[in-house]
Amino acid sequence: MKFITGNATLVHEKKANTARQMTLFTMAIACLWLIAMIYQGVAHGARYALQTFILMAVSQLTTFLIDILVASFRYQTTDGHHVRYLLKQYGKQYSYITAALLTLSLPIGTPIYVLIVANIFATMLVKYAFGGFGANIFNPAIFGRLFVSLTFGGTLSTFLPPDTSAMIPTLTTGATITSVLNQMNWFVDSLQTTPVQVADLWLGFYAGALGETFAIVLLAIWGILVWQRVINWRPTVFFLFTILLTTMSLGLIRGINPLSFSLIFIGSGSIIFGATMFLTDPVTSPTTHYGKALYGVLAAFLVLLFRFYSSYVEGVAFSIAIMNILAPTIDRLITNIHPKEMRKNFVWLSSLLVFTVAFNGGISLYAINANPSSSSSEPIGYYRTFLGTATTDSCSVIEEACIPDLDTITASIHVNERYRIEAIELGGKVATLGGWSNLWQANITSLLSTYQTLGIPGIQTVNNLPNDLTITGVTNSSHRLKLALQDALKTLATYQASVVVALPDDIFTDWPISVTVYVEEGVVVALDVVDGEGTSGGGSIAQIWQQGLGLALATYRGLTVQEIMTMTIPPQGATIIGATVSSHGLLTAIQTALEGQPLA
Amino acid sequence: MIALFRDRYPYPYQAKHIHNAEIDDFQLYLQQIAIPITHVNGVELELLVKENDQVFVGSKIAARKETQFPIYSSVSGIVKGKVMLYHPIIGRKTAHLMIENDGKYLQASPLTFCKLDAPKEALLESVKLTGIIENKGVGNPLYQILENPKNSALEHIVINGMLWHGNLEKFPFDWFYLGVQWLLKILGLTFVDLVLPTTDLDKTTWTTSSLVNVHFLSPTIQHILDTQVINTIYGDTMHAFSGQSDKVIAFTLENIIQLGSVLSTGAPITKTPIEIRGVGVQKPIALTVPIGSLMTKLIEIAGGYVFDEALAYLGIPLLAKIVSEDQFVITPLTPSYAVEKPLTLNADVCTHCGACAGICPVYLQPVEIKHALQQDNTQRLLKLQPQVCLDCGLCNVVCPANLDMMDAVKKAKLKVKVALAKAAMVKK
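Summary of the structure given here. (Residues numbered from 1 in each chain as written. Chains lettered and ligands numbered in written order. Predicted model: local features only at pLDDT ≥ 70, side-chain atom pairs only at ≥ 80, totals over all residues. Heavy atoms only, no water.)

Considerations on the pairing of strand E15 (residues 309–314) of chain B
Each regular strand carries side chains that alternate between the two faces of the sheet. For E15 of chain B, a buried count of five out of six residues is recorded, marking the element as mostly surrounded by other parts of the structure. Sheet analysis places strand E1 (residues 2–3) of chain A next to E15 of chain B, joined by two bridges and oriented parallel. Across the sheet, Lys2 of chain A pairs through a bridge with Glu309 of chain B, a residue of E15 of chain B. Pairing analysis gives four bridges linking E15 of chain B to strand E17 (residues 337–340) of chain B, with the strands arranged antiparallel. Counted as the bridge partner of Tyr313 of chain B is Ala338 of chain B from E17 of chain B. In this antiparallel pair of consecutive strands, E15 of chain B and strand E16 (residues 321–322) of chain B, the connection spans six residues, and Gly315 of chain B shows a positive phi of 100°. (Buried < 20%, exposed > 50% of the residue type's maximum accessible area, 1.4 Å probe, protein only. Helix = DSSP H or I, 4+ residues; strand = E, 2+ residues; numbered from the N terminus. Pairing = 2+ DSSP bridges.)

Some points on helix H6 (residues 140–151) of chain A
Residues and elements named next belong to chain A. Along its twelve residues, H6 runs 16 Å from first to last C-alpha, staying within 8% of the 16 Å computed at 1.5 Å per residue. Taken together, the buried positions of H6 are Pro140, Ala141, Ile142, Phe143, Gly144, Leu146, Val148 and Ser149. Its side-chain oxygen 3.1 Å from the backbone nitrogen of Ala141, Asn139 forms the N-cap of H6. (Expected span 1.5 Å × (residues − 1). Polar contact = N/O pair within 3.5 Å; in protein donor to acceptor, adjacent residues only side chain to side chain.)

As for the interface of chain A and chain B
Counting from both sides, the interface comprises 44 residues of chain A and, opposite them, 64 residues of chain B. Interface area for chain A against chain B, summed over the two sides, is near 4,800 Å², with a carbon-plus-sulfur share of 61%. Counting every contact that joins chain A to chain B gives two salt bridges. For the salt bridge of Lys2 of chain A with Glu309 of chain B, the shortest nitrogen-to-oxygen distance reads 3.6 Å. Put simply, the parts of the chain that give the side of chain A that touches chain B at least two residues each are E1, helix H1 (18–44), helix H10 (234–254), helix H13 (289–309), helix H14 (316–333) and helix H15 (339–370) of chain A. (Contact = heavy atoms within 4.5 Å. Buried area = accessible area lost by both parts, 1.4 Å probe. Salt bridge = Lys/Arg side-chain N within 4 Å of Asp/Glu carboxyl O.)

So, the pattern of salt bridges
Summed over the entire model, instances satisfying the criterion amount to eleven salt bridges over all chains. Among the ionic pairs, Arg418 of chain A bridges to Asp528 of chain A, the shortest N-O distance being 4.0 Å. Placement of Arg418 of chain A in the loop between strand E3 (408–415) and strand E4 (421–429) and of Asp528 of chain A in strand E7 (residues 523–529) is noted, with a sequence separation of 110 residues between them. Residue Arg418 of chain A is classed as buried on the basis of its relative accessible area, which comes to 19%. What makes Asp528 of chain A buried here is its relative accessible area of 6%. The residue Lys415 of chain B makes a salt bridge to Asp376 of chain B at a minimum N-O spacing of 2.2 Å. With Lys415 of chain B in helix H11 (residues 405–427) and Asp376 of chain B in the loop between helix H8 (366–374) and helix H9 (378–384), this pair connects stretches of sequence that are 39 residues apart. Of the residues examined, Lys415 of chain B reaches a relative accessible area of 27% and is grouped as partly exposed. Judged by its relative accessible area of 48%, Asp376 of chain B falls in the partly exposed class. Connected through shared salt-bridge partners, Arg418, Arg420 and Asp528 of chain A make up one network.

In structure tokens, the structure reads:
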């Protein structure tokens, strides 16, 4: 045997091999692509599976041509056989991974020319202009995606509708789940008002980019790749952990279910796709393991910033792009990761994490305090909420024959301090049967606004359901909604009266005061003046009246009916200085109302 | 928490892959046995026998000039005189003493040692007599203690059994226990830390003593380095940034057993355990061979070589000694022998994956050092501190692109040393 004594590695870790790692990574992306193709085929028809195939094929062909072109430019006669050199370069540059990732980050409706432009930009400018594989400072796929979304933004919002069982699938430019959530400012712990459910969100059955939606599959692929030492686990784990921690805290601060909120927030859009496929790119992330962790936390911070405080729907691509730019700086700063420095670095890492949570939490807290009713699901913002339900049993009391079904409607009526309805929220199982769901969903918003204009007295006096309060085809549920609303208000006795105040001076015309008094167990809980306000002769007195009316009404609140009936003059707070006669008129109106019969 | 940012790779030569060779020792004894009489530092030993002298198994034949650390004959016969043979550790031809084997294996009278309750100086004299100092692994640390007996900063003794192989199971536990007792007595401590790998081998015997504090570590490639074992069990506080700390001393398990065996039987070390492994041999083996056996003979027992061209080295895969031929004799200092398929370096492009930085035992960033070297950026190199590199080569082991990171770090080391020397000159 011949002994080799030169400079050599004595043993080598089998898993540490670039070619092997790249092969596994390619296989992972191919899996993702196949799953995307199967999903498109099953959910929307074979045409769209073919479309997925064509997009990838075009992408790969474009990149192959670019590879060959660039290799031809670089070819020198000393490199050996020309064609062999070109093919070797194609194999060594791994541009096909870029092309595949770029294709998977685009929606199915992407026009072919946009795809070609994206590939040319990504491979030619972002990859080869910086020296090719291993030397590019930005992730080519991410920058290609960003380039086309900035230049051809309009063409990239064509998705297939998620649930198209009833209709022929056509490309629409409708809202995706991320844009819907973005409009809702992301603070939702339930997707009931959207067509997508949380399980669909994690399984990937909704409209989005080709490969980004399959969160669970992506995580499984990531796990295998980490186990095979293809990618580093640190950026992904620190990225997702930071987002999870922040969303959990924000959920608690906002009073919504933190777990559901986190699941929706992380599962929607490209957070998982970006974390598993782009953040782990070794070339564009920092070198040290600590740097990679820092990179993940910073990227998470940026994603949260983009999602919560920018008008742009998706922040993941932008934050990874920004982190690509920062990666060399992180490498530069972390010269050594000896435990001595490590302790200091842990402080940095954890303070950055805490900062991310505190920053977002702080802004959230500030937003709640500054504008209490800004969040629709925040009951504290309302003066009072009435809760009522109507179940199948309620069916027997309604006038028409009704088929008992499984529906249970819960209604929350949010009112302000004058008991004017601010909002009505529905819950429970609402018209889940068949195609009625669509009818109900389509009309419920306008129906609720009709109820809102009716007000509490109006709701209490509805008897036989008129046409404008019925959704045709969903009569039972319409009845049940009325019953639920009336059930919510059942403890409330409402008295109404109208008196005309005769003003002493000739320059003022007499004016009517219509008052609504809400009594619960003999105590006046709220009052509302409807017609009289603002018409007390006009001029400065009207202003005085309006300014004082709130306090005057508040003074009567909490008094018993007995106390009010025995009054001869208005109590101190209820006498508006400068509008004394009107104040007396108000008391007379209240007394008149209470003498009468309650409504309904 | 720090472990979050370190990588772990399994040790490639797990004990379960290595066979215990059940062979008759006598087939390894040659007609003429050559015993090296040169110390690893290249200085020849002082001969204690003359030509045509009769020697026995266990006769003292040579000793170091200043310290009188002895070596012993492994056969009985007639001294033939000096010959020059290849010494793999020194890397050139050195003096060996040739002994004509008479085939009788007559034993010299056993050595006599003082009792365990004797004063420290007497214990040290006895240990000196065992010949353990000239043995592999244990030699250097014990030598330092023998040279500076007043060194009292020592707090821990680590006995590294991470390179456990089946051969050790054949030795009685009493030998190990006796060795430990002597060590503790000499060094004035109360317990030793024994480090064993968490493999499926039976280790119950080794965990029964109160003098021995056993740690089970995962058999990762880092853990074959004493420095990493010390870092893992005591934390980085015990270990200086690089090099040995004077608070900890590390021995290998097999040497403590050898020390115990000499102390209990009185017969000096005439045999040594050796391991032949790697993909380049047909059947990896572990066996105990007489000193003076030829490596070629052992390769025959291991079934011969697999490749026409291969890389052979002595010792653990890190800090190893590459050999240029296998025509050498086994000495007490000969560590394990491995034959591997050579790997081509500079095969691919660096992807900045950080594997080298994640495994470096002294927390360097080889990839950054390589870049700074390419850019000729001395200021950056000074920050990256390549001078603390241990030359262990773990960065090369884990590099997916097969890059020669170690070479870059070595060059950077030189550059930084020159820069530091220049700076010192300017200061003066």
